[in-house]
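Structural features, examined
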Amino acid sequence: MKKTFFVFGICLLGVISPVRAELPQKVRENFSDIVKDYCHSRVDYSLEEPIGEWDNGWTGQPQKFHKTVGCIFDSALEEVIKHEKEEAQRAFRSNLPIEIFIPEGDCQPKFLAIVQGEQEANGFVSECEKSEIAEISQIFSACRVAETVLQEWCAYDLFLYAKMQDEESFRDQGKDLGIVMGSRNLNFGAVQTKIQEERFRAEKAVMESLQWYQEAESASRQNAWLIALREELKTIQGDWAKIRSALGTFVDKFLNASIPPA
């Protein structure tokens, strides 16, 4: 069964013509299992669900996907800053003035770990976690976060592609699957074009966000240790100032003391 779903999943990734298209019935019936087996995503996708409407931005499944990915990045950044602060404090045995990043909005606490756990429950096996290098195997590493985000994008892209082939559900569910652009009376070709635009937009957003996170993770690690070193140097600077002051006093007090009297 898994091999069958895998083959269907690969077929969904093929090149689509922007004209009339229909999904095979077997794909329609087993679509959710295909996505889970192929992408292991947290978000469930069913062809019974509407893609949503377009009205200065997507609603429905597109909105759910973008929110999920946004919360993954927010949660990951929070975890990396928290971890590096704890490591630096342990190394220097002192509290550091490092603020923990708190994501805005209604993202679930520990969201990154939750998503990764659900993906693993769906059969995903991380290659990053097998690394002996801690900076790669940690759940918030750029490598591990990339794996997590790409699994969710994989499922979302399959869903969009399937909807581009799913003229039947557009006919059956009517306006619930329509796209608002001044009129609901759009032909399916126009709908396909709009969905294809969202596929390109989602891919671009994912790739740019992954690059941003890689840079942000590295900067967060360096920043935590720079602050730790700065705080540690404050004590050394104070001690050095005392030494310099004492040395100056010593020289002034015993100036020319070694010169014999005339």
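You'll find the structure just up there.
Residues numbered from 1 in each chain as written. Predicted model: local features only at pLDDT ≥ 70, side-chain atom pairs only at ≥ 80, totals over all residues. Heavy atoms only, no water.

What follows concerns the overall build of the protein chain. Scanning the protein chain for helices and strands turns up nine helices and zero strands. Listed N to C, the secondary structure of the protein chain is α-α-α-α-α-α-α-α-α in terms of helices and strands. Expressed as a percentage of contacts within the protein chain between residues at least 6 apart in sequence, the contacts between residues at least 24 apart total 74%. (Helix = DSSP H or I, 4+ residues; strand = E, 2+ residues; numbered from the N terminus. Contact = heavy atoms within 4.5 Å.)

Two side chains of opposite charge can pair, provided their charged atoms sit close to one another. Within the structure shown, the criterion is met by twelve salt bridges. Ionic pairing is found between D157 and R199, a salt bridge with its closest N-O pair at 2.9 Å. Placement of D157 in helix α7 (residues 142–165) and of R199 in helix α9 (residues 188–253) is noted, with a sequence separation of 42 residues between them. By relative accessible area, D157 is classed as buried at 12%. When the shortest N-O distance is used, the salt bridge between K194 and E197 registers 3.4 Å. Within this pair, K194 and its partner E197 are both found in helix α9, separated by three residues, close to a single helical turn. Given the relative accessible area of 16%, K194 is considered buried. The exposure class of E197 is partly exposed, given its relative accessible area of 43%. Linked through salt bridges whose partners overlap, the residues forming this network are E120, E129, R144 and E147. (Salt bridge = Lys/Arg side-chain N within 4 Å of Asp/Glu carboxyl O. Buried < 20%, exposed > 50% of the residue type's maximum accessible area, 1.4 Å probe, protein only.)

Before going further, it helps to examine the environment of R144. Looking at where R144 falls in the secondary structure, it is placed in helix α7. When the C-alpha positions of R144 and Q116 are compared, they lie 9.1 Å apart, and in sequence the two are 28 residues distant. Within the local environment of R144, its side chain forms a polar contact with the side chain of E120, the two groups lying 3.3 Å apart. (Polar contact = N/O pair within 3.5 Å; in protein donor to acceptor, adjacent residues only side chain to side chain.)

Considering all chains together, one arrives at six aromatic pairs under this definition. Aromatic pair Y45 and Y156: ring centres 6.4 Å apart, planes at 40 degrees, arrangement tilted. Of the two residues, Y45 is situated in the loop between α3 (31–39) and α4 (61–92) and Y156 in helix α7; the sequence distance between them amounts to 111 residues. Overall, the relative accessible area of 0% leaves Y156 in the buried class. Their ring planes at 45 degrees and their centres at 6.0 Å tell us that F73 and Y213 sit as a pair that is tilted. Here the residue F73 occupies a position in helix α4, and Y213 occupies one in helix α9, the gap between them amounting to 140 residues. What makes F73 buried here is its relative accessible area of 5%. In this structure Y213 comes out as buried when scored by relative accessible area, which is 1%. Ring-pair connections join several aromatic residues into one group, and the members of that group are Y45, F65, Y156 and F159. (Phe/Tyr/Trp six-rings, centres within 6.5 Å; stacked < 30°, edge-to-face > 60°.)

Purely geometric numbers; function is a separate question.
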